[in-house]
Amino acid sequence: MAVIASTLVPMSSRITTLGFILLLTGILTDFWLVGFGSDLFHMGLWQTCTKNICTKVNGSGYINATRGFVIFSTALLIFGMIFSCLTFLKFRVGRITACLGTAVLQSLSAMFLLVGMSVYTAETSYSVLNSSCNYQWSFYLCWTANVLLIISGICHLLAHQSSPIPGYESYL
């Protein structure tokens, strides 16, 4: 069982790092929504650019909600990455291992990211379906990061379950 944990932890840490890079890239770039046709533009969470002139996106309700959920998700992911580093030190408090803490934090991060992305998708789907707008790579990077966070959280949970847990037998 310890062999499974020693294989899963490095793999899930790499997946977490890749998810973090994709999430940051997706959040900080402004190619979430791209308009083709006469009004060529691209829009992100922070700014809209039309004909090489960029303006700050006014904080409408869904943009603010998406920003909030995505930023909170990123903060949870950073704490999850710190816990992920502690797994290499075999950190534990009683029966709670760093793998379990990482799994919980990454699952919460994935949940908040899922909510934020769903809010954005629900509010902009009408524009995508009824005009010449399309979602672009920044948007898809965040969705890919969400999938990677779910996979990484499951891997850390499996690593926690496969690690030996001290119980009353170890004191005999």
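- By the naming in an unreviewed UniProt entry, the protein goes by Lens fiber membrane intrinsic protein and is assigned to Ranitomeya imitator.
- Annotation of the protein in UniProt includes, under Subcellular location (unreviewed entry), the sentence "Membrane".

1. With respect to the sheet that holds strand β4 (residues 53-56)
Phase 1: One open sheet accounts for five strands, arranged β4-β3-β2-β1-β7; its pairing is antiparallel. Either end of the sheet is taken by a strand with one partner, and the two such strands are β4 and β7 (133-135). The average angle at which neighbouring strand axes cross in this sheet is 20°, direction not considered.
Phase 2: Of the strand pairs in this sheet, strand β2 (residues 41-43) and strand β3 (residues 47-50) are connected by three bridges, and their pairing is antiparallel. In the strand pairing of β3, His-42 is matched with Cys-49.

2. Notes on the packing of aromatic side chains
Phase 1: Under the criterion given, the structure shown has ten aromatic pairs.
Phase 2: With a centroid separation of 4.9 Å and an interplanar angle of 75°, the aromatic rings of Trp-32 and Tyr-120 are classed as edge-to-face. Here Tyr-120 lies in helix α3 (residues 98-130) and Trp-32 lies in the loop between α1 (2-28) and β1 (33-35), a separation of 88 residues in the sequence.
Phase 3: We classify Tyr-120 as buried; its relative accessible area is 0%.
Phase 4: Grouped by ring-pair contacts, the aromatic residues Trp-32, Tyr-62, Tyr-120, Tyr-135, Phe-139, Tyr-140 and Trp-143 constitute a single cluster.

3. So, helix α2 (residues 61-87)
An α-helical turn contains 3.6 residues, so a residue and the one three or four places further along point in the same direction.
Phase 1: In this model, α2 (27 residues) spans 39 Å end to end at C-alpha, consistent with the 39 Å of a helix rising 1.5 Å per residue.
Phase 2: Within α2, burial applies to Ile-63, Thr-66, Arg-67, Val-70, Ser-73, Thr-74, Leu-76, Leu-77, Gly-80, Ser-84 and Thr-87.

4. Description of the nonpolar core
Phase 1: Ranked by internal contacts, the top residues of the largest apolar core, which has 27 residues, are Leu-23, Trp-32, Leu-33, Leu-113 and Tyr-120.
Phase 2: For this core, the elements supplying multiple residues, two or more each, are α1, β2, α2, α3, β7 and α4 (137-162).
Phase 3: Per-element accounting of this core gives the leading share, six residues, to α4.
Phase 4: Setting aside residues up to four positions removed in sequence, Leu-113 forms contacts with Leu-23, Val-70, Ser-73, Cys-142, Ala-145, Asn-146 and Leu-149.
Phase 5: Val-9, Cys-99, Cys-155 and Ala-159 belong to the second largest nonpolar core, which has five residues in total.

Conventions adopted
- Residues numbered from 1 in each chain as written.
- Predicted model: local features only at pLDDT ≥ 70, side-chain atom pairs only at ≥ 80, totals over all residues.
- Heavy atoms only, no water.
- UniProt positions renumbered as here; feature names shortened; annotations may be inferred.
- Pairing = 2+ DSSP bridges.
- Helix = DSSP H or I, 4+ residues; strand = E, 2+ residues; numbered from the N terminus.
- Axes fitted to C-alpha atoms, helices over the stretch in contact; angles between N-to-C directions.
- Phe/Tyr/Trp six-rings, centres within 6.5 Å; stacked < 30°, edge-to-face > 60°.
- Buried < 20%, exposed > 50% of the residue type's maximum accessible area, 1.4 Å probe, protein only.
- Expected span 1.5 Å × (residues − 1).
- Core = buried A, V, L, I, M, F, W, Y, C linked by side-chain atoms within 4.5 Å.
- Contact = heavy atoms within 4.5 Å.

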